[in-house]
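Summary of the model geometry
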Amino acid sequence: VWFYRLVTPDSIEIYPMPEAASPSDYDRRGRIIEELNQRHGVPPNWIESGEGWDVALLEGDLHPSLIAASNMHPIGEVPSGDLPPEPPEDDQPPVEDGEGA
Amino acid sequence: MRFNFGGQWHAWGAGFGAATATYDSGAVGLRLLGVAVGDITFWDSQVAGNQYMDLLNDAGSSTFYITLNSGNPLYPLGGLPRFQGPDGVPVMYAEAGDAPRVRIVANDAYLYNQAGFELVGGLQTEAAALDTQVDAIEATRSSQNTTANNMATSVANLQAAQLRPAAVLRPSAVTTLTSSTWTTILFGAETIDTASQHSTSSQTGRFVCTLPGYYLFTSQISYAGSDVGSRYARYLVNGLAPQSVSVLLPANAISGSSGVTVPGRMQILALAGSDYVELQGHQTSGANLNTDASSSVYSFMSVVYLRPL
């Protein structure tokens, strides 16, 4: 069991993360992390930005002191990380006929 | 034990005379108390002395006086109803509002045994004193047990410290690191673990403190090849407190083909019971990046106990 643990300047947020075993799983996990970072306003250069931000993946179970200090989010608040479906070919915009075609 | 009074054929207050009538001395029985119907109090002395306040009437209710009968068919008019005196008192002096008081003996006074009561009282006093002594002994023993337990713990810790626990953790498989995210490096194998402070099957990324003390950590993280971004390493205590700074290598120092190994800092950490330490890696290649876990290039975390806290 893995957890996304975000330290912001004001709080600590923890989300459970889906298991990952294949490259596609890890890609999906990366999209989830990216969305959670955006949700909490993590600056892109947070690791160089100094104190106050820290994004980490931790192996559970978590230490009681960390749980006590954190906002624990349920699995229902975790983004799916699923890619949007490919649009069907029929939805392609029609190509306008050129003059003289 | 309470003794029983009243309710006998001769137990009248007075069969005649007004409630305020005076009485003379010398007679017994009917003119004892001088009032037809009234409240009788009971004393420990014929003159002066103290009134007994702890009586039980014939209904078993607490009272400090007994009312002569004025209509209860169980007793004659003016009769003294049955009641119980204070605990352990077989003889009292009855008074109907004024002197003289009349000596009244309990119906079951034959049960009274002065020596027995004194003996019981003495034994009760001795028992209470013994209880106090036992309490004191138990308190002393509890304190001694606590001291002994503390000493045993100290001895066990010293014995364990003499053995100077050590551990070297190494991976059994690669760990995949998401870009720009600190990730715990997993160690599914170990070269040394003298004090069972690491598991190769559960939460393998942790060194778990079982003996409080100062520990020296050294480590390295071997990243697979990529020439984009930077690489870091750090220790994390209990999932929250990053320890010291990680090592950073800029992208231009990384060979894309051969990967790079980032040495973790040598660091002393003070750990109490149940604290755990993880080695975490961080990379900014922009994509997932694995660690190396070959037999020749791999990450590790070495730990050695230094001294008690």
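Look up a bit, the structure's there.
In this report, we go over the structure that sits alongside the text. For clarity, every value in this text was computed on a predicted model and none was experimentally measured. Residue positions within a chain follow its written sequence, with the count starting from 1. Chain A is the first chain written and ligand 1 is the first ligand written, with later ones labelled in order. With pLDDT at 70 or above as the cut-off, local features in this predicted model cover only qualifying residues; side-chain atom pairs require 80 or more to be listed or tallied, and sums for whole chains, interfaces and linings still use all residues. Water and hydrogen atoms play no part in the side-chain values, which are based on all heavy atoms of the structure.

1. As for the interface of chain A and chain B
Opposite the 25 residues of chain A that make contact, chain B presents 25 residues. When two parts are put together, the accessible area they lose, computed with a 1.4 Å probe and summed over both, is reported as buried area. When chain A packs against chain B, the two sides together hide about 1,900 Å² of surface, and 51% of this comes from carbon and sulfur. When a carboxyl oxygen of Asp or Glu lies within 4 Å of a side-chain nitrogen of Lys or Arg, that pair is called a salt bridge. Counting across the interface, chain A meets chain B through 1 salt bridge. Notably, a salt bridge pairs Arg234 of chain B with Asp54 of chain A, separated by 2.6 Å at the nearest N-O pair. Definition of a polar contact: a pair of N or O atoms within 3.5 Å, with one able to donate and the other able to accept a hydrogen when the atoms are protein atoms, and with sequence-neighbouring residues admitted only if both atoms are side-chain atoms. Inspection of the region where chain A meets chain B yields 13 residue pairs in polar contact (both at pLDDT 80 or more). Think of it this way: any DSSP run of H or I at least four residues long counts as a helix, any run of E at least two long counts as a strand, and we number them from the N terminus. Residue assignment for the side of chain A that touches chain B shows that the elements contributing at least two residues are strand S1 (2-7), helix H1 (23-39), strand S3 (54-59) and helix H2 (64-69) of chain A. For this classification, Asp, Glu, Lys and Arg are treated as charged, while Ala, Val, Leu, Ile, Met, Phe, Trp, Tyr, Cys and Pro are nonpolar and the rest, including Gly, are polar. Classifying every residue of the side of chain A that touches chain B by side-chain character gives 14 nonpolar, 4 polar and 7 charged. Between any two strands, at least two bridges found by DSSP are needed for them to pair. Alignment of S3 of chain A against strand S11 (residues 182-184) of chain B, held across 2 bridges, turns out to be parallel. Each residue of the ladder has a partner; that of Leu57 of chain A, found in S11 of chain B, is Thr183 of chain B. When checking whether two residues touch, look at their non-hydrogen atoms; a contact exists if any pair is within 4.5 Å.

2. Side note on unusual backbone geometry
Peptide bonds are mostly trans, and most non-glycine residues show a negative phi. The omega torsion of the bond from Gly60 of chain A to Asp61 of chain A falls at -5°, within 30 degrees of zero and hence cis. Located in the positive-phi region is Ser196 of chain B, a residue other than glycine, with phi close to 50°. Tracing the chain through its elements places Ser196 of chain B in the loop between strand S12 (189-193) and strand S13 (206-208). Here Ser196 of chain B falls in the exposed class, since its relative accessible area comes to 60%. Per-residue accessibility, obtained with a 1.4 Å probe over protein chains only, is compared with the maximum for each type, and a residue is labelled buried under 20%, exposed over 50%, and partly exposed between these values.

3. Here we look at the pairing of strand S8 (residues 102-105) of chain B
All names here are of chain B. Residues Val102 and Ile104 line the buried face of S8, whereas the alternating positions Arg103 and Val105 sit on a face that is not buried. Alignment of strand S7 (residues 91-95) against S8, held across 4 bridges, turns out to be antiparallel. Looking across to S8, one finds that Val91 is bridged to Val105. Connecting S7 to the next strand, S8, in antiparallel fashion are 6 residues, including Gly97 with a positive phi near 90°.

4. Re the sheet that holds strand S20 (residues 300-307) of chain B
Residue and element names in this part refer to chain B. Within the open sheet, the 5 strands sit side by side as S12-S9-S20-S14-S17. Their pairing is antiparallel. Strand pairing shows two members of the sheet lacking a second neighbour, S12 and strand S17 (260-271), which therefore form its edges. Here the average twist between neighbouring strands, direction ignored, is 10°. Bridging between strand S14 (residues 213-223) and S20 involves 7 bridges; their strand directions are antiparallel. Note that in S20 the partner of Gln220 across the bridge is Phe300. For helices, the fitted line uses only the C-alpha atoms of the stretch in contact; every axis is such a line through C-alpha atoms, and the angle between N-to-C directions lies from 0 to 180 degrees.

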